[in-house]
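These are the residues of each chain, in order.
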Amino acid sequence: MEPVGYVIGNNGVDELTMIANPRYADGVKLFDYVYYEHGGSKILAQVTGINRELYRVSDSLAPVVFNDGVKPVETVLVKLLIIGKKAGDLLKLPEAPPPVSTPVYRADPELVKSYLGLRGRLCIGYLASMQDVKVCLNEKAISRHMAIIGATGNGKTWLSVLVIEELLKLGATVLILDPHGEYVKAKETVSKMDGVGLTVFKLSKQHTGDLTYRVGLMVADPDHIASVSGIDDKAIRIREAFSLAHRCVKLAAKAYSDPKLATLRNMERILAQVASGRRIQVGMLQNLFGTKYPTGNLNDNKYFRKLTVVLSELNDLASESAGRHAALAAKRYVRKLRRLGVYSPLSTRLLKLLKARHASIINLAGLDDSVQDHVAYSILSRVLKARINYVRRLPGPKYPYPVVIIVEEAHRFAPGNGKRTLTYSVLSRIAMEGRKFGVFLVLITQRPSKIDQDILSQVQNYALLRIVNPKDREALLEAGELMNSNLDKILASLNIGESLIMGPIVGGQVPIIVKLRNRVLEYGGGDINLDKYWGVKSEDYENEVGRMMGLRIPKLTIERAKLLLDKISDESLNGSVIRGYVNGARVEVDLKNEVWSCSKCRNSMKPCEHVVALLLKKAMNEAELMRK
C-alpha cells in the first residue's frame, strides 16, 4: 500500500503535520482517518485541516512566477489529530512523536471500527468520512446526560429526533418539553415505527394535542401561581389576598373531601366577596361555591379548623380599604389565570404522561415564558419525585422505569444570566442526582453561553453541531472536560447534518464526527419559506385583509403584523372562524360576522397587529395554494 503522505512536523504527541503524496492529495478529505506505524503499533489519526501552499516560492516572488507563465509547484499540508494506539480495550496516545518522513496510510473501515468501537444501540448515522461505518451510540451512557448544541438551522432537532427514535425502539420512556411545538408533527409519522406510542399534550383547547395537561391547584405553590399571573413580587398585599384565597379553596376541598372545590372560579368568588367589604362565614361557602355540603359537625376536622382561621384573615382584609383594593386587584389576576385554561383542581395523572416505549410531547407553544416555566417545573418535579419514591420505596406516586427528558430551548428554562426560573431548581437537581434515580436529561440549545454553566458542567455527553459564535465555543471549552482547542477548530467547519460527538456515549476517549441518517419521525420548526412572503406586492395582502374584515387596515398595523408572521402557531379554521396564537396572544376572528378578539390587546373597535398577522397568514397561505 502506497502512503497518502509523510510526517513533516509535530506539535507534541497529539497533533502532526503531514505533506500529502501528490498522487493522492486530491483524495485527502477533511475528517478522513489515517494511520502510521511507530514503536511496533499502528497509530490512528484524523484529518482536521488541509492547506495548499506554493513550494519554495516566497510571497514576494510569487507574482513574478505567475506573470512569467511558470507553473508553480504546489504542496498540500495536512493537519492530523492523533487518536491513539490500541492498549488492550483502550486507546492510548503514543509516548513520542514519529520521526520526520514517517509514511502515513489511509485507514480501512475495519481498522477504524476496531479502534473506535461504536457498538451501542442508538444508531444515528455513519462516520462523516466513511459512510460504510455505522455509528451506534452507547445507550447506557445516556445516564450521564447529554447536550445537543449547535447554531440555528444546523440539525439540532434532527439529531434529537434520531435519539428519540432509537430510545423508543429500545422501549424507553421519553418526555419532551416543546416550547415551540416543533415535535408535534411527529404524531403524523409515528405509525411508521412498530409498537411505539406517542401522545401530544396541549395546555389549552385551542392548542394542537391529543390530551390536555392540567396543573393542579391542590398541590401548586400559591407564590408560584401568583408570579405566573403577573403579580409583582413587591405587591405584598395583593399577593397576601391571592394566597389567602388559594388556601381557602384548598382547605375547603380537604375539609369537605371534594377536590373540585379548589378552582380559580371559587378563588375569584372569595376575592369578590372580600373586595365588596362583606364578611365571609363558613355557612356562606355553600352559596359562594354552589355546593350542598353540610357546614356543621366539622369541629373535629383539622382542615375545617384551619379554614376558619383563613376566613378570619380574609375578613380582616375586607375590613380595611387597602385590603379591599388588594382583593379586587388579586381577583383580576385570578381571572387572567382562568383565561389561560392551564389550572384545575387536580394535576393530570402522571401515568398518562409516562409509559414504556412511549414519548409524551408537552406542547407549550403560544404560552408566555412564565407559564411555560411553571408547567415544566410542575411536570419535572412530579417525574423526579415518582422515580425517587420508586427507588427508595417511599409512599406516594411511583413510576417503575427510567425516564429520558428532552428539554428543547434549555437556555430558557435554565438561563445562565443569574436569573433563577422555577424549572432551574429541578433541572439542577436532576443534573446532579438524576442518575441515581433513573431520570436523564437531553438538553438542546443553540446558545450554550446562555445556559447555566453549573448544569452544563454535569453533562458528560456532547453532540455538537456547527457553532459560529465565539462566546458559545468558549462556554463549551469551560464546561466540557473533553473539549480542547483542536476540537474547537472543527466546530466551525462542520456541515449541516454533521455532529461532533464526544463523551461516554462514544466510548469516552475519542470524539467522532457523524453524518446523521435520515429520520422516520417528522418535525416542524424549519426555516421560513421566504419565497412565499417576499416578491409579492404588499398592497395585495393589505387589500385582501381589508376585504376579509370589511374595513381599511392602517399601514402601520400591517407593518407591525408582518413582524409577527413567524410567531404564529396552532392556527385552525372552523367554518368562518379562524383561531391561533400570535406571539403568545390568543386570537380569534369570525369572518362571517366580522368580529375578532385578542387576549393581549382586547380592542374590539380596530383589529390589532395580532389579529391582522393571523389574517395575513391566511391570505398568504391561500395565495401560495393558488400559485401551486
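Residues numbered from 1 in each chain as written. Predicted model: local features only at pLDDT ≥ 70, side-chain atom pairs only at ≥ 80, totals over all residues. Heavy atoms only, no water.

Student: Looking at this structure, I do not really get empty space enclosed by the protein. What am I missing?
Tutor: Rolled over the atoms, a probe as big as a water molecule pinpoints where empty space is left. Applying the stated criterion to the full structure yields two cavities of 30 Å³ or more. If you add up the space inside the largest cavity, you get close to 50 Å³. Taken together, Val161, Ile164, Ile176, Tyr183, Ala186, Leu198, Ala359, Ile361, Leu521 and Glu522 make up the full set of residues lining the largest cavity. Sorting the residues of the lining of the largest cavity by element identifies helix H3 (156-169) and strand E16 (358-363) as the ones contributing at least two each. In terms of residue class, the lining of the largest cavity is made up of nine nonpolar, no polar and one charged. (1 Å grid on protein atoms, 1.4 Å probe; cavity = no way out; pocket = protein on both sides within 12 Å on 5 of 7 lines; lining within 4 Å. Points joined across faces, edges and corners; volume = space filled by probe spheres on them. Helix = DSSP H or I, 4+ residues; strand = E, 2+ residues; numbered from the N terminus. Nonpolar A, V, L, I, M, F, W, Y, C, P; charged D, E, K, R; others polar.)

Student: Can you walk me through the pairing of strand E24 (residues 585-590) in this structure?
Tutor: Walk down a regular strand and you will see the side chains alternate between the two sheet faces. Two elements, strand E23 (residues 577-582) and E24, share six bridges in a ladder whose sense is antiparallel. Bridging across to E24, Tyr581 finds its partner in Arg586. Connecting E23 to the next strand, E24, in antiparallel fashion are two residues, including Asn583 with a positive phi near 55 degrees. (Pairing = 2+ DSSP bridges.)

Student: It is not clear to me how the confidence of the model for the protein should be interpreted in this structure. Could you clarify?
Tutor: Interpretation of the predicted coordinates at a detailed level should be avoided for regions scoring low in pLDDT. Within the protein, residue pLDDT values average 86, and 89% of them lie at 70 or more. Mean pLDDT in the protein bottoms out at helix H17 (residues 530-533), which sits at 48, and peaks at strand E17 (residues 403-407), which reaches 98. Below a pLDDT of 50 lies the segment residues 530-536, which in the model reaches 12 contacts outside its immediate sequence neighbourhood of four places, other chains included. (pLDDT = per-residue confidence, 0-100. Contact = heavy atoms within 4.5 Å.)

Student: When you look at the sheet that holds strand E22 (residues 568-574) in this model, what are you seeing that I'm missing?
Tutor: Where strands meet in a sheet, backbone hydrogen bonds hold them as pairs that are either parallel or antiparallel. With respect to topology, four strands assemble into an open sheet ordered E22-E23-E24-E25, the strand pairing being antiparallel. The sheet is open, and its two borders are formed by E22 and strand E25 (595-598), each paired with just one other strand. Each adjacent strand pair in this sheet contributes to an overall mean axis angle of 10 degrees, direction not counted. Judged from the five bridges that link them, E22 and E23 form a sheet pairing that is antiparallel. Residue Ile568 lies in a different strand from E23, and its bridge partner there is Val582. (Axes fitted to C-alpha atoms, helices over the stretch in contact; angles between N-to-C directions.)

Student: I tried to follow the environment of Ile43 on my own but got confused; where do I start?
Tutor: Mapped onto the secondary structure, Ile43 falls in strand E4 (residues 41-54). Classification of Ile43 as buried rests on a relative accessible area of 1%. For the pair Ile43 and Val104, spaced 61 residues apart in sequence, the C-alpha to C-alpha distance is 9.6 Å. Contact partners of Ile43, with chain neighbours within four places excluded, come to Val34, Tyr35, Tyr36, Ile82, Gly84, Lys85 and Pro94. (Buried < 20%, exposed > 50% of the residue type's maximum accessible area, 1.4 Å probe, protein only.)

Student: Can you walk me through helix H19 (residues 555-562) in this structure?
Tutor: A turn of α-helix holds 3.6 residues, and therefore any two residues three or four places apart point the same way. Regarding H19, the residues found buried are Thr557, Ile558 and Ala561. In an axial view of H19, the angular spread of the buried residues amounts to 100 degrees, which keeps them on one side of the axis. Of the exposed residues in H19, the ones pointing more than 90 degrees away from its buried face are Lys555 and Leu556. (Arc of directions from axis to C-beta.)

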